[in-house]
Amino acid sequence: MSVVSDIKNAAAAAIQALYQQPFTAADIAVNTTKPEFEGEYTIVVFPFTKFSRQKPEETGQALGAWLTANYADLITGFNVVKGFLNLQVRHQYWIRFVQQAHASRQVGQKPANGRKVMIEYSSPNTNKPLHLGHLRNNFLGYSVAEIFKANGFEVIKANLVNDRGIHICKSMLAWQLFAHGDTPATTGIKGDHLVGDYYVHFETILKEQAEPIISDVLEGEFKDFDGAEKERIIKLYQALQKPEVQADEEKSTKIKDEIKEISRNRTEIMQQAKIMLQQWEAGNPEVRALWQTMNSWVYEGFDETYRRLGIDFDKMYYESQTYLLGKDLVEEGLRKGVLFRKEDNSVWIDLTAEGLDEKLLLRGDGTSVYMTQDLGTARLKYDDYHMEQSVYVVADEQNYHFKVLKLILEKLQEPCADGIYHLSYGMVELPHGRMKSREGTVVDADDLVDEMIATAAANTEELGKVKGFSEEELRELNETIGLGAMKFFLLKVDPKKKMIFNPEESIDMHGFTGPFIQYSYARIKSIMREFSTADLAVLADYTHEEALLPMEKELIMLCEQFDGILEEAQREMSPSVIANYAFLLAQTFNSFYAKKEQGKYIYSVRDAESDSKRKLRLQIASLTASTIKQSMKMLGIAVPERM
RNA sequence: GGACCGGUAGCUCAGCUGGAUAGAGCAGCUGCCUUCUAAGCAGCAGGUCAUUGGUUCGAAUCCAAUCCGGUUCACCA
């Protein structure tokens, strides 16, 4: 039970008693009171004037009087300003909260609720190392999983690895052609980076081979093409010659892009890659062996990155094992009449009634597409775990895909359909736009982590506050701070918004940042170190009778809101809710810590004006520390005892 | 063109289930380390909440239209 819900329930009872109106607690607006007015929480009374038939002020007075008379253990006083009823919560209420929180020892962990969710995140391709975009995905997925757990859910963290397809064949082919047998072991290059390097190599060759073909086409020469493709390319060429197209830059760029794409497909190296993909699908032993070897290099690299990032999974899925799934669903769909077959034998679903298009599910040759395997995988996951919700952490460019996926599953009456939830997040962009591998602007995840830790180390060194730390402790501290800065940076923004990352400026460690909060935590721990565990232990049964000073109350109130914040974060699937809260809490503690009047620190724990105040403040500090620690844990961020 | 998302301080973002005078951080300017940690604190300055209209006691928040930016609408994944 929270204060806000207590107040809402009391207000609902008041309305029932005074006006005989069945107003539910959920319909009552309760906010924190603005600092310029007296009170802690405020009820907005405007909505009640309809049936009170009094002015807002009178309605507020009547409600306030009733509440202080009938809920005296909750509310001790009130004042009314216009339509706002400001309530003063009984000071014992706050004290009781502090003591209960202290006694329970574990803040922000709700008991198991018997509900099960799967969170799929990360889901990398195995042809390239992880980059900045993946980091947002990984941190989001991990954090949302933590948030669900804290709210009492059972969580399965899943990773669907895209380990097959043309992209990995590109790396494999380039390796075969140019690597002379190099391995991570012989070169000392991390496996995922080595494989990524050959992917880049492939793209370079591809570009070289495509260029003459493209320039031929642009000059009206089509010798590299035949059949339908030739017709298509000629059509594009002719379209490009039209004066109205040449005047329209957007249009001509689009046509040129298509010409480039078709030309790239005509290159020798691309043809080889396609052959390799066919060999892979046919189970060619040599190709399969190379595939296994190179993927294993990538997994070693990924494992290292994941371990460093503190990211883990309960269940791995591999597309090489799931890409053929979904065909039976299509068969069933055809039988149910939800799907239909065209003359060329391809299978479709008609979603025009839903304002969407027709969507292909099986090609004419019977092979499946991305959507088909996702349908099958959705069923597989559900068969594996029977979870009530299946969350996909995937960038917002796939919004349409997931909308369609859910819709099709609903139409097929799959039991997993209702639980499908696309946690869509915005891309991380550079100041000049999206990261482009062809332009070499991709920010590598490992490099960024290194950089962050180095920055943290430089700061730690400069501040010189960690005398007596061993080498190992120092390394661990800098890793905690560097990673904390990075995770917080990527999680503090609302997931659905795209965000800008400027690699020129390193991620800040002051202000609204992870290190700021970590620092605040370490500072509290430093205060607490002055006192023994016995000092803390006797606090639980201590009854505090003195009045609460403003910032003592403010901190208690903030800590009391934590449960509600956790629920909101889970409901919204938004770690940023917690990031904002943790910052506010840390910031408030810092003000509390530094508040000075007439040359004295008025909230000093050590030099408190009385024994009871010392104990109360120690308790508040301890509770604040636990709440900060748990908040940061929800973001996958550790907090140091000293920094 | 259809669908979806976004537009709040110089910059990066909160606030959006309607509530009191729109908040942080960074950057800029002032102060504060004989103090339980200055990765901190206090303060100054900075706004037609894209535009217009509507809904009502009340709109950054809801609705409509418009403008700007993005994503997507592949027999790619």
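Residues numbered from 1 in each chain as written. Chains lettered and ligands numbered in written order. Predicted model: local features only at pLDDT ≥ 70, side-chain atom pairs only at ≥ 80, totals over all residues. Heavy atoms only, no water.

Caption draft 1: Main features of the protein's contact with RNA strand B. Around RNA strand B, a shell composed of 64 residues is seen, among which D344, K465, Y519, S526 and R606 lie nearest. Protein-adjacent atoms of RNA strand B, using a 4 Å cutoff, are sugar or phosphate at a proportion of 61%. Between RNA strand B and S591 there is a distance of 2.9 Å, counted from a phosphate oxygen to a side-chain nitrogen or oxygen. When contributions to the surface near RNA strand B are tallied by element, the ones reaching two or more residues are β2 (41–44), β4 (84–89), α17 (399–411), α18 (445–463), β14 (499–500), α20 (514–528) and α24 (575–594). (Near = heavy atom within 4 Å. Polar contact = N/O pair within 3.5 Å; in protein donor to acceptor, adjacent residues only side chain to side chain. Helix = DSSP H or I, 4+ residues; strand = E, 2+ residues; numbered from the N terminus.)

Caption draft 2: Representation of the domain arrangement of chain A in the model. What the domain assignment lists for chain A is domain 1 (3–89) and domain 2 (165–282). Spacing between the C-alpha centres of domain 1 and domain 2 amounts to 68 Å. (Domains from an automatic or database assignment.)

Caption draft 3: Fine view of the nonpolar core. Counting 151 residues, the largest nonpolar core has I43, I119 and M486 as its most contacted members. When residues are assigned to domains, this core turns out to be shared by domain 1 (3–89) and domain 2 (165–282), each giving three or more. With near-sequence residues (within four places) excluded, M486 lies in contact with L135, F139, L309, L448, V449, M452 and I507. Counting 26 residues, the second largest nonpolar core, distinct from the first, contains L361, Y382, V394 and I408. (Core = buried A, V, L, I, M, F, W, Y, C linked by side-chain atoms within 4.5 Å. Buried < 20%, exposed > 50% of the residue type's maximum accessible area, 1.4 Å probe, protein only. Contact = heavy atoms within 4.5 Å.)

Caption draft 4: Representation of unusual backbone geometry in the model. Unlike most non-glycine residues, Q20 shows phi in positive territory, near 55 degrees. Following the sequence through the fold, Q20 ends up in the loop between α1 (3–19) and β1 (30–32). Located in the positive-phi region is Q598, a residue other than glycine, with phi close to 45 degrees. Tracing the backbone through its elements, the reader meets Q598 in the loop between β15 (596–597) and β16 (600–601). Overall, the relative accessible area of 84% leaves Q598 in the exposed class.

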